[in-house]
Amino acid sequence: MSNLFSELKRRNVFRVIGVYAVIGWVTAQIAALAANSFDAPGWVMKMIIVVLLIGIPIVIVFAWAFEMTPEGVKRTEDVADGQGITTRTGRKLDFAILGALVLVAALVVGSRFIPKKNISPDEIIETVNVEQAQPQNSIAVLPFVNMSSDPEQEYFSDGISEELLNVLAQIKGLKVAGRTSSFSYKGKNQDLREVGEVLNVAHILEGSVRKSGNRVRITAQLIRTDNGYHLWSDAYDRELTDIFAVQDEISNAILSEMREFLPGAGEKIKPATRVDVSAYDLYLLAREKITQGGGREHYQEAAELLDRSIAIDDHYAPALGWRSYVAGGLSDGRGQPGDIPVAKMLPVMKSFADKALAVDKNSAEGLLGLASYYALLSEENGEVQYDRAIKTLRKAIAIQPNLTQAANDLAYFLLQTGKTEDAEEAVKILKGILKKDPALAHANNNYTDQLMEQGRFTEAEEVLLRWSRVSPELPTPAMRLSGLYLLKGDLAQALNYTLAQLKRFPTNGPLNFNAGLIKFQLADINAMQSNPNPDVQAVGFMLAGEEAKALKILNHSALAKNNWFFALSSQVPAQFAAKDYSALTVFYNNRLNAKAERAQAIACQCAGGLAYVAYALRETNHKDAQTFIQEWETAADKSGASSKNTASFIADEGWRAAFHGDGKAANAFFERAIDMGYRDPLFLQQNYRLPRADNGELDGSITKMLLAINAERTKLDMAPLTLNEYK
């Protein structure tokens with residue numbers, strides 16, 4: 001053995017391996033940089049590494065079998081003693097290794113001193129998605145392409161995709177991307193590697209459906225997202241009555257291909273529920289209507305389609321369950337798009353839910369309808385049924401984990417209980433939903449609302465940036481990001497971002513409203529008064545101290561009439577500044593006389609608006625003065641823990657203290673609210689301050705407000721405000 005080692009050393013085999021290793025490493029680094037620059041697919045780098053590894057045994061054999069001589073390279077056995085120059089060659093190889101190591105050190109050290117570019121929030125999210133390895137036990141089902149001659153048959157191909165998604169979601173250990181996010185790629189020729197990065201899945205199922213008469217042809221293929229390789233593909237030509245068998249075959253084929261990644265691979269997929277194909281066709285079309293937008297007309301069409309489906313086959317539990325849920329949507333209950341009295345729809349909901357569960361006691365759709373019934377029953381009769389709704393939804397989710405509507409409703413009802421632990425669980429549920437389905441609008445809205453209420457703005461921003469990346473065609477993520485920057489008090493960033501988004505969505509109402517609100521908080525009088533919208537002009541007149549001109553517009557404003565926030569933030573303050581207390585009592589008599597209306601207005605947390613109304617009622621000895629003040633106080637005291645951490649709530653606490661004449665407490669509340677993002681230039685004007693607290697004790701918060709607004713104006717090259725302008 002020692003002789004072999006000596007011979008390997010003599011022939012410079014070890015030195016040759018060293019040189020090859022160092023040069024190979026350098027080659028790999030350069031290749032990686034080149035591949036990244038040219039956006040080469042992942043397999044290119046893998047092939048380079050394989051070639052370099054294959055070269056190792058070749059180099060070893062060459063170093064052993066051949067030797068350098070003065071006459072050139074010769075086979076070792078042909079070299080006579082004393083003719084070789086292995087010693088000199090060894091020294092040259094030593095120098096080569098040393099030089100290569102110096103090059104490696106230079107590359108490593110140099111990379112640390114290369115300036116790093118500033119990365120935008122979008123790039124940060126993209127980098128996180130790229131660097132986070134997709135779990136191998138994960139898949140997204142993209143909407144199958146409708147190849148039928150009739151484009152209206154698209155709901156059928158979408159339905160097949162969704163049914164496959166639901167079946168795969170039953171497989172233990174398999175992570176399945178949600179429907180909304182998967183379907184956001186419908187009609188887009190997107191690079192599957194990017195789809196995998198955004199949805200964080202390692203596999204994608206895609207295909208096509210051609211429906212003609214009573215025949216259907218389905219093609220399906222399973223693809224890896226890291227390299228685009230096809231793992232499996234097949235085509236099925238069947239009668240429509242065999243559609244459920246095809247779903248089972250595709251699901252089992254996928255399970256077979258992914259078996260090595262799944263902890264529960266030994267389990268069999270539950271066969272798809274068989275139903276009359278005509279009833280199934282109507283059910284799929286109804287589901288399409290529900291997901292189109294959730295408006296009243298969509299629910300009406302869905303109800304009619306589901307009624308026809310149930311008339312054909314009244315033992316299909318999913319159709320019965322969704323019919324119960326749709327009945328709730330057609331009611332005038334809180335948050336529902338319909339207009340039929342809840343009392344009339346409750347027995348309809350219960351009937352369909354009971355029928356669904358009689359057919360299949362484990363029908364997730366039936367439980368979804370039943371939970372909705374319990375919730376609406378609670379709101380109608382005043383009975384506490386949220387606990388029953390929550391318990392029922394938990395059971396539905398355990399049966400069908402990918403029923404995101406049930407998970408979203410569960411989070412919503414948990415938030416209604418007012419319990420801190422329920423709110424925390426709701427946030428976790430919403431976060432879990434968005435992990436699987438980052439494009440789901442309701443979950444994004446509910447989740448970011450909670451994050452912003454808790455002051456977790458950075459997390460909310462990350463969620464909204466990801467949503468905007470998954471659904472770039474939607475204005476909602478942009479609108480909510482605009483509102484987030486506004487809520488933080490980052491007015492310069494809010495304005496720049498909002499104006500940029502208005503170039504993409506010029507007719508979006510909320511974005512335009514935000515732009516006006518930002519300019520108001522910046523006290524940009526010229527921009528406000530030159531705006532073509534009369535409501536915006538009115539607020540501009542308020543900033544200029546011209547309340548009479550403002551009220552001439554606001555007293556006839558449809559927005560002020562229909563929007564509590566705008567009325568209490570503009571019309572009411574203008575009436576107070578004009579000392580028109582009789583107008584404020586008329587406002588109360590017309591708009592707040594009913595208890596339900598008062599509760600709605602109080603919930604708005606509209607800065608000083610409520611304080612102005614209470615002040616006018618007290619000054620005019622209105623009979624409801626004490627009632628209104630008590631309801632205002634009680635509502636504030638009962639606010640949830642998360643709401644009490646918002647700038648708007650803290651500012652309202654300041655107005656409550658100012659109303660009671662406690663200037664010191666009011667100042668402390670206002671200063672805290674300003675630190676949290678509260679911005680209101682009217683706060684600087686004496687006419688808008690409550691007299692009892694205007695005794696110098698608010699000077700600290702007034703100065704802080706001025707500095708906060710001026711800091712944002714400076715970023716936009718606007719001249720600073722001075723308090724003299726508002727005396």
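What this report covers is the structure whose coordinates are included nearby. It should be emphasised that the depicted structure is a prediction, and the values quoted were computed from it without experimental measurement.

Some words on the overall build of the protein
For step 1, the next point in the chain: In terms of regular secondary structure, the protein is built from 34 helices and eight strands.
For step 2, the next point in the chain: Looking at the protein residue by residue over its 727 residues, the buried ones come to 49%.
For step 3, the next point in the chain: Taking the contacts inside the protein whose residues are at least 6 apart along the sequence as the reference set, 60% of them involve residues at least 24 apart.
For step 4, the next point in the chain: Summed over all atoms, the accessible surface of the protein reaches about 34900 Å², with 55% contributed by carbon and sulfur.

Some details on the pattern of salt bridges
For step 1, the next point in the chain: In total, this model carries 19 salt bridges according to the counting rule given.
For step 2, the next point in the chain: Two residues, Asp 624 and Lys 623, come together in a salt bridge whose shortest N-O distance is 3.3 Å.
For step 3, the next point in the chain: Residue class for Asp 624 comes out buried when judged on its relative accessible area of 14%.
For step 4, the next point in the chain: Judged by its relative accessible area of 69%, Lys 623 is exposed.
For step 5, the next point in the chain: The partner of Glu 653 in a salt bridge is Arg 656, with the nearest N and O atoms 2.5 Å apart. Placement of the pair is Glu 653 and Arg 656 together in helix 32 (residues 647–659), with a separation of three residues, close to one helical turn.
For step 6, the next point in the chain: Residue class for Glu 653 comes out buried when judged on its relative accessible area of 16%.
For step 7, the next point in the chain: Taken together, the salt bridges that share partners define one network made up of Glu 633, Glu 653 and Arg 656.

A look at the pairing of strand 6 (residues 203–212)
For step 1, the next point in the chain: For strand 6, the buried fraction is high: seven of the 10 residues fall into the buried class.
For step 2, the next point in the chain: Where strand 3 (residues 138–141) and strand 6 come together, three bridges link them in parallel fashion. Bridge assignment links Val 141 to a residue of strand 6, and that residue is Leu 205.
For step 3, the next point in the chain: Bridge count between strand 4 (residues 145–146) and strand 6: two bridges; the pairing is parallel. Its bridge partner lying in strand 6, Val 145 is registered against Ser 208.
For step 4, the next point in the chain: For strand 6 and strand 7 (residues 215–224), the ladder comprises 10 bridges, and the chain directions are antiparallel. The residue bridging Ser 208 from the neighbouring strand is Thr 219, located in strand 7.
For step 5, the next point in the chain: Following strand 6, the chain reverses through two residues before pairing antiparallel with strand 7; Gly 213 in that reversal takes a positive phi of roughly 60°.

Let's talk about a positive patch on the surface
For step 1, the next point in the chain: Taken together, Lys 361, Arg 388, Lys 391 and Lys 395 make up a surface patch of like positive charges.
For step 2, the next point in the chain: Note on placement: Lys 361 falls in the loop between helix 13 (342–359) and helix 14 (364–381).
For step 3, the next point in the chain: Residue class for Lys 361 comes out exposed when judged on its relative accessible area of 63%.

Considering the environment of Leu 346
For step 1, the next point in the chain: Relative to the elements of secondary structure, Leu 346 occurs in helix 13.
For step 2, the next point in the chain: Sequence spacing of Leu 346 and Ser 372 is 26 residues, and the spatial spacing of their C-alpha atoms is 9.6 Å.

What counts, and at which threshold
- Residues numbered from 1 in each chain as written.
- Predicted model: local features only at pLDDT ≥ 70, side-chain atom pairs only at ≥ 80, totals over all residues.
- Heavy atoms only, no water.
- Helix = DSSP H or I, 4+ residues; strand = E, 2+ residues; numbered from the N terminus.
- Buried < 20%, exposed > 50% of the residue type's maximum accessible area, 1.4 Å probe, protein only.
- Contact = heavy atoms within 4.5 Å.
- Areas by Shrake-Rupley, 256 points an atom, 1.4 Å probe, with all protein chains shown as cover.
- Salt bridge = Lys/Arg side-chain N within 4 Å of Asp/Glu carboxyl O.
- Pairing = 2+ DSSP bridges.
- Patch = residues over 30% accessible without salt bridge, like charges linked within 9 Å, V, L, I, M, F, W, Y side chains within 5 Å.
- Lys, Arg positive; Asp, Glu negative; His and termini not counted.
- Charge placed at Lys NZ, Arg CZ, Asp CG, Glu CD.

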